[in-house]
Amino acid sequence: MVDRLRGKAAVVFGAGSSGPGWGNGKAAAVAYAREGARIACIDLIQEAAEETASIIAKDGGEAIAIAADVTDASSVEGAVARTIEAFGRIDILHNNVGVTHMGGPVELTEEQFEAALKLNIGPVYRTAKAVIPHMLRQGSGAIVNISSLAAIRWTGYPYFAYYATKAAVNQATVAIAMQYARQGIRANCIMPGLIDTPLIYRQISGQYATVEEMVAARSAAVPMGRMGTAWDVANAAVFLASDEAQFITGVCLPVDGGQSCAVSEFR
């Protein structure tokens, strides 16, 4: 523990994991805690939030677990209010909730497209609306939104709604950063590339004949020759949330093993 976030309070939306192992939100919550921050672990599923909070507690950190639905403004507001009640402030807002639906505009149903809007870009709006007033009163705050490399390029997967909504996350982050730059609030986003998390085994593996084929193909597509891990994303988030990044705002940072620089597509 380096204590880069000592004295700060972080609220992590999507702090649970979608399966066994380390998802991006779970790793981020733990990484923030290991740097000294107090964490509000927020997830749709209470048990998932509690699992992450338990890991933090076992590490000697301080965390609370809250169940909330990021598609519902009142639920988000309630989670933020509980965080303020517990910690008295919010220094870091971390948005990690997202979903992929395979299909182009022809194949996607209206319900799937609406779900992507609600789950990929909607939480950035709802959480910012609830948290920014507290940051304004403090005169400081750091927002880290998790986007995707799909926000800026074709990735080889036919998920139209994901491309569109993650691009929206990028520009929403820039808009927040510019509007509040003189009021002490920074906003940046991370664009993970091919990351080995539980989510890909649920939402991506169906694009391949076998799970083994998926892992091999995704690893081979990265210039470094391997997929990244949730900790690669979490470590970038810690930096962006810390005072070490105090002159960095409005940045959309690829964490992708060089994939954004490569000519070839993922698959």
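Quick summary incoming for the structure in this document. The residue numbering used here restarts from 1 in each chain and proceeds along that chain's sequence as written. Local features in this predicted model are restricted to residues of pLDDT 70 or higher, and side-chain atom pairs are both shown and tallied only at a pLDDT of 80 or more, whereas totals for entire chains, interfaces and linings draw on every residue. Only hydrogens and water are set aside when side-chain values are computed; all heavy atoms of the structure are taken into account.

The criterion is simple. A nonpolar core is a set of buried Ala, Val, Leu, Ile, Met, Phe, Trp, Tyr and Cys residues joined through side-chain atoms within 4.5 Å. Any residue under 20% of the maximum accessible area for its type is buried, any over 50% is exposed, and the rest in between are partly exposed; the area is computed with a 1.4 Å probe on protein chains only. By size, the foremost hydrophobic cluster in this structure holds 32 residues, and its most contacted members are Ala29, Tyr32, Ile39, Cys41, Ile56, Val144 and Ile190. What counts as a helix is a DSSP run of H or I of at least four residues, what counts as a strand is a run of E of at least two, and both are numbered from the N terminus. When residues of this core are traced back to their parent elements, those giving at least two are strand E1 (9–13), helix H1 (24–34), strand E2 (38–43), helix H2 (46–58), strand E5 (141–146) and helix H8 (230–241). The element contributing the most residues to this core is H8, with 8 residues. Only heavy atoms matter for contacts: two residues are in contact if any of them lie within 4.5 Å across the pair. Look past the residues within four positions of Ala29 in its chain and what remains in contact with it is Val12, Ala15, Ile39, Cys41, Thr52 and Ile56. In terms of nonpolar packing, the next biggest core, distinct from the first, is built from 28 residues, Ala9, Val11, Val70 and Met135 among them.

Next up on the list: the packing of aromatic side chains. Two aromatic rings, drawn from Phe, Tyr or Trp (for Trp, its six-membered ring), form a pair once their centres lie within 6.5 Å of each other, and the interplanar angle then sorts them: stacked below 30 degrees, edge-to-face above 60, tilted otherwise. Scanning all chains against the criterion turns up 7 aromatic pairs. Arranged with centres 4.9 Å apart and planes meeting at 65 degrees, the rings of Tyr159 and Tyr163 form a pair that is edge-to-face. In this structure Tyr159 comes out as buried when scored by relative accessible area, which is 5%. One Lys or Arg, Lys26, reaches over the ring of Trp22 and ends 4.8 Å from the middle of that ring. Our definition puts a charge over a ring when NZ of Lys or CZ of Arg is within 6 Å of the ring centre and also within 35 degrees of the ring normal.

Among the 6 residues of E2, 5 are classified as buried, and the element is accordingly described as predominantly covered. Seen with its strands pointing away from the viewer, a crossover is right-handed if its path from the first strand over the helix to the second goes clockwise. Once the chain exits E1 it traverses H1 before rejoining the sheet at E2, and the crossover so formed is right-handed. Two strands qualify as a pair provided DSSP detects at least 2 bridges between them. As paired elements, E2 and strand E3 (residues 63–67) share 5 bridges and run parallel to each other. Each bridged residue has a counterpart across the sheet, and for Asp43 the counterpart in E3 is Ala67.

So, about the pattern of salt bridges. A side-chain nitrogen of Lys or Arg and a carboxyl oxygen of Asp or Glu constitute a salt bridge if their distance falls within 4 Å. Inspection of every chain in the model, using the stated rule, returns 8 salt bridges. Notably, a salt bridge pairs Asp3 with Arg6, separated by 3.0 Å at the nearest N-O pair. The exposure class assigned to Asp3 is partly exposed, which follows from its relative accessible area of 36%. As a salt-bridge pair, Arg4 and Glu35 come within 3.3 Å of each other at their nearest N and O atoms. In this pair, Arg4 sits in the segment before E1 while Glu35 sits in the loop between H1 and E2, placing the two residues 31 residues apart along the sequence. Judged by relative accessible area, which is 9%, Glu35 ranks as buried.

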